[in-house]
Amino acid sequence: MLSTDGGGSVPLDPMTLHGSFTRFCLQYHLASLPLHVHQVLIAFLTYEVLFLIVAPAFSLVFLPQTYGKLPRRTKTNWNVRVTSFIQATFICYQALRVITQDTSRQNTDYDARLWAYSRGSGDAQAFAAGYFLWDVVVSVQHFQILGPTSLIHALSALMITSLGFRPFANFYGVNFVLYELSTPFLNIHWFLDKLGKAGGRYQLWNGICLIITFFGCRLVWGTYQTINLMADTWRAWGDVGTGKCLDAFMTVRAEGSQIAVPVQDFCYDNFPSGLLLTYIISNTLLSGLNVYWFGLMLKALGRRFNKNVDKKQE
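Quick notes on the rules
- Residues numbered from 1 in each chain as written.
- Predicted model: local features only at pLDDT ≥ 70, side-chain atom pairs only at ≥ 80, totals over all residues.
- Heavy atoms only, no water.
- Helix = DSSP H or I, 4+ residues; strand = E, 2+ residues; numbered from the N terminus.
- Buried < 20%, exposed > 50% of the residue type's maximum accessible area, 1.4 Å probe, protein only.
- Contact = heavy atoms within 4.5 Å.
- Areas by Shrake-Rupley, 256 points an atom, 1.4 Å probe, with all protein chains shown as cover.
- Phe/Tyr/Trp six-rings, centres within 6.5 Å; stacked < 30°, edge-to-face > 60°.
- Patch = residues over 30% accessible without salt bridge, like charges linked within 9 Å, V, L, I, M, F, W, Y side chains within 5 Å.
- Salt bridge = Lys/Arg side-chain N within 4 Å of Asp/Glu carboxyl O.
- Core = buried A, V, L, I, M, F, W, Y, C linked by side-chain atoms within 4.5 Å.
- Disulfide = S-S within 2.5 Å.
- Axes fitted to C-alpha atoms, helices over the stretch in contact; angles between N-to-C directions.
- Parallel < 35°, antiparallel > 145°, perpendicular 65-115°, else oblique.
- Left-handed = near helix turned anticlockwise from the far one by under 90°.
- Nonpolar A, V, L, I, M, F, W, Y, C, P; charged D, E, K, R; others polar.

Engineer: Got a sec to walk through the overall build of the protein chain? Specific residues and values, please.
Structural biologist: On a plain count of helices and strands, the protein chain comes out with 12 helices and two strands. Secondary structure elements in the protein chain, listed N-terminal to C-terminal, are β-β-α-α-α-α-α-α-α-α-α-α-α-α. Looking at the protein chain residue by residue over its 314 residues, the buried ones come to 48%. Restricting the contact set of the protein chain to residue pairs at least 6 apart, pairs at least 24 apart contribute 78%. Surface summary for the protein chain: the accessible area is close to 15800 Å², and the carbon and sulfur share equals 65%.

Right, dumping it as structure tokens:
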């Protein structure tokens, strides 16, 4: 039997699709993915429908003159931003609910912050992973429109959320989701440009909110969480030779299941260096992109509103 966090259990027959998939996940150290794969797929399909059907239809009905006259490239970008706006709003609400209501996150030590699993954090990771999987697909399909930075961001974010299914760093994964707090303001800024409101009062106030949230959640909050994560992994690295099985969630699932996966494969004498390296590389890429984008935003906002000030003085 494969235990679930909700207290129940599900039969695990290795001859079924679910059993085969679970065995695959255990072998590749993605132990909690079978509990959340339906959410990943639902999220992916939902965002695909939003991008292909809902966003174009909604925009044509409510903004026919604006959306209808946009070139094809801009329409694609528009639909991507409608989708990301909805996703960011939903995932931030979900993450904030976990942070404020999940009592298991209180008074945790470094071991729990790295390896503990809760259903709420798993749900948030799953829906985020579904979106970033969609983001990777769209960034590849429309690479000429969205550019390399979109693909790098999508791949790095997907890697970090996928590692959460070990489970690893679910505590920090939910915290990193709050990067998305700035996304709605970023998209509103872009939409105001296309609606002919560039440089106006609404874009000014939205730009202020964008700068504050982007700097606060991506640069300050994100850097703070990264430092804490690195401190916890350093302490875990120092726990070598204790005989402790770091990935307890996987061990329990393997011992309680009917599939042949050696339990010792989930116990480490040393902290998994490949896991840490992958996480660091992905997180560093995201942090670098955040700094790069913040610089571009400051320059763009400065140019736009300086021009308006010059015009008023003429």
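Engineer: Which residues make up the packing of aromatic side chains, and what values do they have?
Structural biologist: Evaluated as defined, the whole model comprises 16 aromatic pairs. On the numbers, 5.7 Å between centres and 65° between planes, the contact of tyrosine 67 with tryptophan 78 is edge-to-face. Within this pair, whereas tyrosine 67 is found in helix H3 (residues 64–68), its partner tryptophan 78 is found in helix H4 (residues 72–101), the two being separated by 11 residues in sequence. Of the two residues, tyrosine 67 and tryptophan 78, both sit in the buried class. Pairing tryptophan 190 with phenylalanine 191 gives two aromatic rings, centres 5.6 Å apart and planes at 75°, and the pair type is edge-to-face. The residues tryptophan 190 and phenylalanine 191 share a single accessibility class, namely buried. Ring pairing ties together the aromatic residues Tyr47, Phe51, Tyr131, Phe132 and Trp134, which thus form one cluster.

Engineer: Before we move on, can you summarise unusual backbone geometry with the specific residues and values?
Structural biologist: The peptide bond linking arginine 166 to proline 167 adopts the cis configuration, its omega dihedral lying at 0°. For proline 167, the position within the fold is in the loop between helix H7 (143–163) and helix H8 (170–177). Of note, alanine 169 is a non-glycine position whose phi angle comes to about 55°, a positive value. Mapping alanine 169 onto the fold places it in the loop between H7 and H8.

Engineer: Now, about a nonpolar patch on the surface: what can you tell me, with residues and values included?
Structural biologist: Taken together, the side chains of Val49, Leu52, Ile53, Val54, Phe58, Val61 and Phe62 make up a nonpolar region of the molecular surface, amounting to roughly 700 Å² of accessible area. If you trace the backbone, valine 49 turns up in helix H2 (residues 33–62).

Engineer: Any chance you could break down the nonpolar core for me, citing the residues and the numbers?
Structural biologist: Within the largest apolar cluster, 26 residues are counted, with the highest numbers of intra-cluster contacts made by Tyr47, Ile91, Phe132 and Trp134. Among the elements that take part in this core, helix H6 (residues 119–141) stands out by supplying eight residues, more than any other. By size, the runner-up hydrophobic cluster in this structure holds 18 residues, among which are Tyr110, Leu163, Phe171 and Ala236.

Engineer: Go over the side chain of threonine 183, please, and point to the residues and values.
Structural biologist: With respect to the element layout, threonine 183 can be found in helix H9 (residues 183–194). Given the relative accessible area of 8%, threonine 183 is considered buried. Sequence-distant contacts of threonine 183, defined by excluding residues within four places in its chain, comprise Ser84, Ala88 and Arg218.

Engineer: Please set out the state of the cysteines residue by residue, giving values where relevant.
Structural biologist: Evaluation of the coordinates by the stated rule reveals zero disulfides. Free of any disulfide, cysteine 92 has its nearest cysteine sulfur in cysteine 217, 7.5 Å distant. Cysteine 217 gets classed as buried once you look at its relative accessible area, which sits at 6%.

Engineer: So what's going on with the pattern of salt bridges? Which residues, and what values?
Structural biologist: All chains considered together, the criterion is met by three salt bridges. Of the charged contacts, one joins aspartate 232 and arginine 113 as a salt bridge, the two residues approaching to 2.7 Å between their closest N and O atoms. Taken together, the positions of aspartate 232 in helix H10 (residues 201–237) and arginine 113 in helix H5 (residues 110–115) put the pair 119 residues apart, joining distant regions of the chain. A salt bridge links glutamate 180 to arginine 218; its shortest N-O distance comes to 3.9 Å. Pair noted here: glutamate 180 is in the loop between H8 and H9 and arginine 218 is in helix H10, with a separation of 38 residues, a long-range link.

Engineer: Residue-level account of the packing of H2 against H4, with values.
Structural biologist: At a closest axis distance of 9 Å, the pairing of H2 and H4 adopts a crossing angle of 115°. With respect to each other, H2 and H4 are oriented roughly perpendicular. Between H2 and H4 lies a crossing whose hand is right-handed. Note on element contacts: H4 touches H2 through Thr76, Trp78, Asn79, Val80, Val82, Thr83, Ile86, Gln87 and Phe90, opposite Tyr47, Leu50, Phe51, Ala55, Pro56 and Ser59. Residues that form the contact of H2 with H4 fall into these classes: 10 nonpolar, five polar and no charged.

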